[in-house]
Amino acid sequence: MHTPEMRRKLFSHDRPDIIYAIGDVHGCFDLLQALKQKILDDAAQQHGSKWIVMLGDYVDRGPKSSYVIHELMQPMTGDIERFCLAGNHEQTMLDFLADPRRDHLWLQFGGMETLRSYGIGEIPDDLKALRTQLHEMIPADHISFMASLPSLLAVPGLCFVHAGVVNGIPLQRQEDKNLLWIRPKDQTMPGADNLFLTIHGHTPVRSVSLTDNRLNVDTGAFMTGRLSAVKITRGGDITVMHAE
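So, here's what we can say about the structure. These numbers were taken from a predicted model, which means no experiment stands behind them. (Residues numbered from 1 in each chain as written. Predicted model: local features only at pLDDT ≥ 70, side-chain atom pairs only at ≥ 80, totals over all residues. Heavy atoms only, no water.)

### Re the nonpolar core
Nonpolar side chains in soluble globular proteins tend to end up buried together. To keep it simple, the criterion reads: Throughout, nonpolar core names a set of buried Ala, Val, Leu, Ile, Met, Phe, Trp, Tyr and Cys residues whose side chains join them through atoms within 4.5 Å. Relative accessibility under 20% of the residue-type maximum defines a buried residue, over 50% an exposed one, and the middle range a partly exposed one, all with a 1.4 Å probe and only protein chains included. Numbering goes from the N terminus for both helices and strands, where a helix is a DSSP run of H or I of at least four residues and a strand is a run of E of at least two. Working rule for contacts: check all heavy atoms of both residues, and any pair within 4.5 Å makes them a contact.
Core analysis: the largest hydrophobic core is formed by 56 residues, its most contacted members being Ile22, Ile39, Met54 and Leu115. For this core, the leading source of residues is helix α1 (residues 29-44), giving 6 residues. The contacts of Met54, once residues within four sequence positions are left out, are Ile22, Val25, Leu32, Leu72, Arg82, Phe83, Cys84 and Leu85. The next biggest cluster of nonpolar side chains, apart from the first, holds 18 residues, and it includes Leu55, Phe83, Leu85 and Phe160.

Written out as structure tokens, the structure is:
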């Protein structure tokens with residue numbers, strides 16, 4: 001179990017006809033399934049190439065994190081392609097799994113709910129017993145999946161990322177700590193021209209919001225019972241979709 005030094009960044013010189021971007025799921029598997037069905041129904045009416053982009057934070061806080069990870073590891077059927085980005089909660093879970101201890105930040109960060117979804121109810125005092133339990137109950141391929149997630153996906157005019165980008169720094173040089181953790185107030189640099197729209201989650205908002213060339217899709221599903229997505233056409237039209 002190790003955390004990659006630097007996550008991959010994905011760049012495409014072409015963009016599909018339609019992209020659906022889904023905000024932070026946080027273990028809300030039932031909402032994810034409902035929203036996925038809405039998206040598939042909508043996509044079936046559309047011509048051209050279609051992507052789903054997951055914006056990270058699949059685990060923690062909600063009740064069914066293990067189900068969400070299992071679902072995202074399955075291949076998509078039909079003519080739609082899915083990309084899953086890393087969130088800070090996946091990163092923190094990997095940090096815990098690499099060095100499990102009772103006082104780890106992750107356990108106060110939503111990690112206990114995630115462990116329960118894998119069938120681990122109590123944290124044993126003995127670290128050796130804890131390591132054994134984690135090894136037995138959390139599938140290795142779930143860990144590999146989280147470790148392999150890219151930190152950024154960019155297409156002409158659009159950048160998809162969990163938390164945001166630092167304006168004025170080329171995307172290739174953006175650091176994972178910012179891509180996974182930055183807050184909106186820390187993203188702007190004086191005089192920096194941002195020539196693309198950044199689509200992100202991470203910082204919950206009451207409703208999907210567009211400010212400063214940033215489109216925030218995290219409507220705090222585990223608190224609000226509302227999981228949101230945006231549909232972006234090649235022509236730039238943006239439609240908000242929800243599951244509640």
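Back to the text.
### As for the sheet that holds strand β1 (residues 9-11)
Two strands in a sheet stick together by hydrogen bonds in their backbones, pointing the same way (parallel) or opposite ways (antiparallel). What counts is decided by this rule: Here the rule is simple: two strands pair whenever DSSP picks up at least two bridges between them. Where helices are involved, their axes are fitted lines through C-alpha atoms of the stretch in contact, as for all axes, and angles between N-to-C directions lie from 0 to 180°.
Strand order in the open sheet formed by 6 strands is β1-β5-β6-β7-β9-β8, with mixed pairing between adjacent strands. The open sheet has two free edges, formed respectively by β1 and β8 (209-211), since each of these has just one partner strand. Across the sheet, the mean angle separating the axes of adjacent strands is 15 degrees when strand polarity is ignored. Here β8 pairs with strand β9 (residues 214-216) via 3 bridges, running antiparallel. From the neighbouring strand, Leu210 faces β9, where its bridge partner is Leu215.

### Regarding the packing of helix α2 (residues 65-73) against helix α6 (residues 140-148)
Our working definition: Should an angle fall under 35 degrees it is called roughly parallel, over 145 degrees roughly antiparallel, and 65 to 115 degrees roughly perpendicular, with every other angle called oblique. Polarity classes work like this: nonpolar for Ala, Val, Leu, Ile, Met, Phe, Trp, Tyr, Cys and Pro, charged for Asp, Glu, Lys and Arg, and polar for all others, with Gly in that last group.
The geometry of α2 relative to α6 is characterised by a closest axis approach of 10 Å and an angle of 70 degrees between their N-to-C directions. Put simply, α2 runs roughly perpendicular to α6. Each of Ser66, Ile69, His70, Leu72 and Met73 in α2 lies in contact with α6, whose residues at this interface are Asp141, His142, Phe145 and Met146. A per-class count over the contact of α2 with α6 returns 5 nonpolar, 3 polar and 1 charged.

### Some remarks on the sheet that holds strand β4 (residues 80-84)
The mixed open sheet is built from 5 strands, whose spatial order is β4-β3-β2-β10-β11. The outermost strands of the open sheet, each flanked by one partner alone, are β4 and β11 (238-243). Neighbour-to-neighbour, the strand axes of this sheet turn through a mean angle of 20 degrees, independent of strand direction. The sheet contact formed by strand β2 (residues 18-22) and strand β3 (residues 50-54) spans 5 bridges and is parallel. Looking across to β3, one finds that Tyr20 is bridged to Ile52.

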